[in-house]
Amino acid sequence: MDTFLPPVEKPKALMMKLAYYFTRRQFGKVLTPLKVHSARLPSAFGLFYAKIGKLDKKLTLPPETVLLIREQVARINVCLFCMDIGRWATIQASMNQAKFDALEQYRTNPLFTDAERAALDYVTELTKEKKVNPDTFARVSRYFSERAICEIVWLVASEHLYNMTNIGLNIHSDMLCDLGKKKQRR
């Protein structure tokens, strides 16, 4: 399926040429959101997206929880690119793929802890309803500190930014999971 705007294959700006080089080096290709969205905006926008990744490194939540939350939001919003790159990240980090495969059944699947279920219920409700029931909040607060809850909200909000960018421009999967699996087999 084609993106609404054609990809910019050869950017003119030096910063964008560097971004293309480094993403090609990291992912084996230039990512479609970079070619369709970021290439058309001043570099400050791309730097803002990069800042999100840097901020994620300051989170205290376990990396698996962070990726489960991002994947759940992307799945609910049906952002195929974000689902793909999220799975790529789990493969690169050697995370339990069965758990990510079972995300749709997190409420009943024994791979998930009660804390993860509470967080995913909170995330699901916030993403779908754009509000949270006080009972849902009370449950998540039994397992997570105030800071961790704020981190969960950050993850939902920042994932929405990624999702809406890709959905709004009809950007779909870059098939990074396949690339990640090939890289792991070497």
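Predicted model, so just to flag it, every value in this text is computed and none were measured.

Of all hydrophobic cores here, the largest spans 17 residues; its most connected members are Leu61, Ile69, Val140, Phe144 and Ile152. Mapped by element, the contributors of at least two residues to this core are α4 (63-77), α7 (114-129) and α9 (146-168). Once residues within four sequence positions are removed from consideration, Leu61 is found in contact with Val66, Ile69, Phe144, Ala148, Glu151, Ile152 and Leu155. Val36, Ala74, Trp88 and Ile171 belong to the second largest nonpolar core, which has 14 residues in total.

This part takes up the state of the cysteines. According to the stated counting rule, one finds 0 disulfides in the structure shown. In this structure Cys82 is a free cysteine whose sulfur lies 3.0 Å from that of Cys79, the closest cysteine sulfur available. Classification of Cys82 by relative accessible area gives buried; the value is 6%. Free of any disulfide, Cys177 has its nearest neighbouring cysteine sulfur in Cys82, separated by 12 Å.

What follows concerns the environment of Ile149. Turning to its location among the elements, Ile149 is positioned in helix α9. For Ile149, a relative accessible area of 6% gives the class buried.

What counts, and where the lines are drawn
Per chain, residue numbering runs from 1 following the sequence as it is written. This being a predicted model, a pLDDT of at least 70 is required before a residue's local features are given, and a value of 80 or more before pairs of side-chain atoms are given or counted; all residues contribute to the totals for chains, interfaces and linings. Calculation of side-chain values draws on the structure's entire complement of heavy atoms; hydrogens and water are dropped beforehand. We call a set of buried Ala, Val, Leu, Ile, Met, Phe, Trp, Tyr and Cys residues a nonpolar core when their side-chain atoms join them within 4.5 Å. Three labels apply to residues, based on accessible area from a 1.4 Å probe with only protein chains included: buried if under 20% of the type maximum, exposed if over 50%, partly exposed otherwise in between. Going along the chain from the N terminus, every DSSP run of H or I of four or more residues is numbered as a helix, and every run of E of two or more is numbered as a strand. Throughout, a contact is declared for two residues whenever any of their heavy atoms are within 4.5 Å. The definition used for a disulfide is geometric: two cysteine sulfur atoms within 2.5 Å.

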